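Listed below, chain by chain, are the residues.
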Amino acid sequence: MLELRYRGGDPGPGPGLSPPREGNAAGGDHETESTSDKETDIDDRYGDLDSRADSDVPEIPLSSDQTPEILQKALSGLSSRWKNWWIRGILTLTMISLFFLIIYMGSFMLMLLVLGIQVKCFHEIITIGYRVYHSYDLPWFRTLSWYFLLCVNYFFYGETVADYFATFVQREEQLQFLIRYHRFISFALYLAGFCMFVLSLVKKHYRLQFYMFAWTHVTLLITVTQSHLVIQNLFEGMIWFLVPISSVICNDITAYLFGFFFGRTPLIKLSPKKTWEGFIGGFFSTVVFGFMAAYMLSKYQYFVCPIEYRSDVNSFVTECEPADLFQLHSYSLPSFLKAVLRRETVSLYPFQIHSIALSTFASLIGPFGGFFASGFKRAFKIKDFANTIPGHGGIMDRFDCQYLMATFVHVYITSFIRGPNPSKVLQQLLVLQPDQQLSIYRTLKMHLIEKGILQPTLKV
Amino acid sequence: MPRWKNWWVRGILTLAMIAFFFIIIYLGPMVLMMIVMCVQIKCFHEIITIGYNVYHSYDLPWFRTLSWYFLLCVNYFFYGETVTDYFFTLVQREEPLRILSKYHRFISFTLYLTGFCMFVLSLVKKHYRLQFYMFGWTHVTLLIVVTQSHLVIHNLFEGMIWFIVPISCVICNDIMAYMFGFFFGRTPLIKLSPKKTWEGFIGGFFATVVFGLLLSYVMSGYRCFVCPVEYNNDTNSFTVDCEPSDLFRLQEYNIPGVIHSVIGWKTVRMYPFQIHSIALSTFASLIGPFGGFFASGFKRAFKIKDFANTIPGHGGIMDRFDCQYLMATFVNVYIASFIRGPNPSKLIQQFLTLRPDQQLHIFNTLKSHLMDKGILTPAAEDE
């Protein structure tokens, strides 16, 4: 294996592709550094590793099949093709049931689940990075990666917590301090990690260390920011979490089924198993599914209300007057549908119209996240991100389409659904100077009386 | 002699850059913003070019276009957020601008997604790994270069002094550490940069703190540096005119007994901003150099001497600005945490977009809060 050659420091025959690089000072006046031949060779070889064509790159071996013993015994009689199909099917049903169970247990468990998934995805991608660069033994690096994950999570959770737990935070003195200087504390923590990275740079491994630094940051950008957007969506109301995720899962499954039964025309070279028939069939089924799921879920306050933290009960509650979006409206049908359905009007939740937009995105653009992950796996010659779920691969394999969806839903909500967050406005108001608060109070009072929202004579 | 020639070239270019800096300050905030924008684009270009050279990927299909496209998207997103904040009245007036600002995030996301999908569609069989590397390289560069240049502009809007003092402190630390190192340097500081010494580091620290104090004293006297930059609707231009805040008014401070005996003064008149400038200079001297070490490590990792050859004797633009980036973020975080609170007029705008029941709820909570604190009395309420 190439790895052994590099570690032994044996300057064996390189791959033989090192054209002169522009921008390098070929023997010019560097700052004084003792460059031994060995060091130059190692770095040059990594350079060649980067610029070689994909076919020369060796595959990264994964650990062996981890199918549980139970399943293996139960399916020992079947041929391997059906066995694989059964394993996938059983695991799919298991995951869906787990999903329902966690929904039943409530929003707090959901948040923990999202956090757990985020950490696992991060771990999977970082492990791939280690394997690609044979850098598992880099000084400090494992610690630093986890440290950066902690910092970025601290920053994001602090921003979220400050918004939604305003009343809880006002009570505790230490939390007040942490919230007020939150950005500064997060920045200081990140800086400490950055300085540790700079101090840990070791002569022979500069390039590797910079690669792993960049790899960590891109992974953080992808996994952590999006998991926090998922949590923001969740706080808006569990339906904003459930319908998008279910649409993506449904699109996955129905596209597979349509492709299995009707698939002829390949869709994209990156994923040879995908077909146009699957893609289009999946699109229509997902829109219908989203429409129906939205209809069923919109009835229950549990799914529809924003999650709030009640300080008296010290837990999350989802109780409210459902917004306009979740109340039945009558829509008059366009004429051609009138003839088909023989009805004048139909009662729909406005949310169902939005669900069409969400399902459309899940079916048409969501798969690009999957293609991106496929390209990534081909680029680094891995079959799956990990072997966590038998038959399915790693957690990241299941969630690759979800990430674009989470950002889309968040952007959709902020642009089309809700305005600014009232609790955030309130929290900022309470931080102002007393004289500013007083002047704002008078302005607001005038405005409210003008609009007739506040009666001048009413003493509230 | 080549050694003195190099020294002269560096010296002349240093003075030229400093003179250029003064001219731009004189020309005003609009020109400053454009300069920041150009510096950002040039730094992005330099780092991306290094990536192309490292990976021999100059001919990758679509990639040059995509990199510039992503730069445009991210800039559009950030400028949109800034513009909406500071140009609120202008934006509300013009109908197309209003729509663009209302759906800003959605539009930016759509633009970015288009680039993402183009990237996925452009993946070519033999070059997957290279393309992913360049994709990652572009995004990390955007993260470093674009976000920080926008933080610089945020600082600028807070008041030109928040832009000038930090940048000058970093430049001063650079020059002073070099001088102290030149004359007194013995002990090497860090293996990454063999020319740096502990004597230079510590001497530069003290010199920068003193410089920062003096510079803040000089600049705090002028409104044009101290006032937040505002866009005036009537004149359709930027104005810096205001009542200087508390931070920029001379106050008397008692000197602690230790220094009192040395200097013989009981009190000293200083601007409170000068105290803050000590924090800024300290960061510039102690942590700022880590940005320089990071860039040195990067150059060694990729075996380049300089980022580019734009400035004779100095290297590329990125070489001059590597220490500045950490500084810009620090100043922004510092201002957000310690100096200003939320912007009252922005809060009122956000309030007016809420629903009536939400407005009423906030109003009542504010009222009870004010009464609790005794700022509002029931008697005054009856007026």
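Residues numbered from 1 in each chain as written. Chains lettered and ligands numbered in written order. Predicted model: local features only at pLDDT ≥ 70, side-chain atom pairs only at ≥ 80, totals over all residues. Heavy atoms only, no water.

Named according to an unreviewed UniProt entry, chain B is Phosphatidate cytidylyltransferase originating from Heterocephalus glaber. You can read under Subcellular location (unreviewed entry) in the UniProt record for chain B the words "Membrane". Per UniProt, chain B has the following entry under Sequence similarities (unreviewed entry): "Belongs to the CDS family." (UniProt positions renumbered as here; feature names shortened; annotations may be inferred.)

The name that an unreviewed UniProt entry assigns to chain A is Phosphatidate cytidylyltransferase, with the source organism given as Heterocephalus glaber. Recorded under Sequence similarities (unreviewed entry), the UniProt text for chain A is reproduced unchanged: "Belongs to the CDS family." Chain A has a UniProt comment under Function (unreviewed entry) that states "Catalyzes the conversion of phosphatidic acid (PA) to CDP-diacylglycerol (CDP-DAG), an essential intermediate in the synthesis of phosphatidylglycerol, cardiolipin and phosphatidylinositol."

Peer 1: Which residues make up the overall build of chain A, and what are the values?
Peer 2: If you tally the helices and strands in chain A, you get 20 helices and six strands. The 460 residues of chain A split such that 46% are buried. Excluding contacts between residues fewer than 6 apart, the proportion of contacts in chain A whose partners are at least 24 apart in sequence is 71%. With an accessible surface of roughly 23600 Å², chain A has 63% of that area assigned to carbon and sulfur atoms. (Helix = DSSP H or I, 4+ residues; strand = E, 2+ residues; numbered from the N terminus. Buried < 20%, exposed > 50% of the residue type's maximum accessible area, 1.4 Å probe, protein only. Contact = heavy atoms within 4.5 Å. Areas by Shrake-Rupley, 256 points an atom, 1.4 Å probe, with all protein chains shown as cover.)

Peer 1: A description of the packing of aromatic side chains should follow, citing residues and the corresponding values.
Peer 2: Residue and element names in this part refer to chain B. The full count for this structure, using the stated rule, is 71 aromatic pairs over all chains. Each ring, one from F283 and one from F330, has its centre 3.9 Å from the other, and the planes form 5°; the classification is stacked. Residue F283 is located in helix α12 (residues 272-286), and its partner F330 is located in helix α14 (residues 317-339); the two are separated by 47 residues in the primary sequence. With respect to class, F283 is no different from F330; both count as buried. (Phe/Tyr/Trp six-rings, centres within 6.5 Å; stacked < 30°, edge-to-face > 60°.)

Peer 1: Could you give me a rundown of the interface of chain A and chain B, with the residues and numbers involved?
Peer 2: Taken together, the 85 residues of chain A in the interface contact 77 residues of chain B. Both faces considered, chain A and chain B share a buried interface measuring about 8200 Å² in area, 75% of it formed by carbon and sulfur atoms. Viewed at the interface, chain B and chain A are joined by two residue pairs in polar contact (both at pLDDT 80 or more). Breaking the side of chain A that touches chain B down by element, the ones donating at least two residues are α2 (37-51), α5 (107-133), α9 (182-199), α10 (206-236), α16 (366-379), α18 (402-417), α19 (422-431) and α20 (434-451) of chain A. (Buried area = accessible area lost by both parts, 1.4 Å probe. Polar contact = N/O pair within 3.5 Å; in protein donor to acceptor, adjacent residues only side chain to side chain.)

Peer 1: Go over the pairing of strand β2 (residues 193-197) of chain B with me, naming the residues and quoting the values.
Peer 2: All names here are of chain B. Inspection of the sheet shows strand β1 (residues 188-190) paired to β2 by two bridges, in the antiparallel sense. Directly across from I190, in β2, lies its bridge partner S193. Counting the residues between successive antiparallel strands, the hairpin from β1 to β2 contains two residues. (Pairing = 2+ DSSP bridges.)

Peer 1: Explain unusual backbone geometry to me, using residue names and the numbers behind them.
Peer 2: Unusually for a residue other than glycine, K381(A) sits at a positive phi of about 55°. Mapped onto the elements, K381(A) comes out in the loop between α16 and α17 (395-399). Overall, the relative accessible area of 22% leaves K381(A) in the partly exposed class. The backbone phi angle of K303(B) is positive, close to 55°, even though this residue is not glycine. Its relative accessible area of 19% is what places K303(B) among the buried residues.

Peer 1: Hey, could you go over the UniProt feature "transmembrane region" (unreviewed entry) in chain A for me, with residue numbers and the actual values?
Peer 2: All names here are of chain A. The UniProt feature table records "transmembrane region" (unreviewed entry) at residues 85-117, 138-157, 177-199, 211-231, 237-263, 275-297 and 351-373. Annotation note: span residues 85-117, helix share 97%, strand share 0%, distance between end C-alpha atoms 25 Å. For residues 351-373, helix accounts for 96% and strand for 0%, while the C-alpha atoms at its two ends are 31 Å apart.

Peer 1: Now, about the pairing of strand β2 (residues 271-275) of chain A: what can you tell me, with residues and values included?
Peer 2: Residue and element names in this part refer to chain A. As paired strands, strand β1 (residues 266-268) and β2 are joined by two bridges and run antiparallel to one another. In the strand pairing of β2, I268 is matched with S271. Connecting the antiparallel pair β1 and β2 is a turn made up of two residues.

Peer 1: Outline α5(A), listing residues and values.
Peer 2: For α5(A), with 27 residues, the first-to-last C-alpha span of 39 Å sits near the 39 Å given by 1.5 Å per residue. Two residues or fewer after α5(A) comes H134(A), characterised by a positive phi angle close to 50°. (Expected span 1.5 Å × (residues − 1).)

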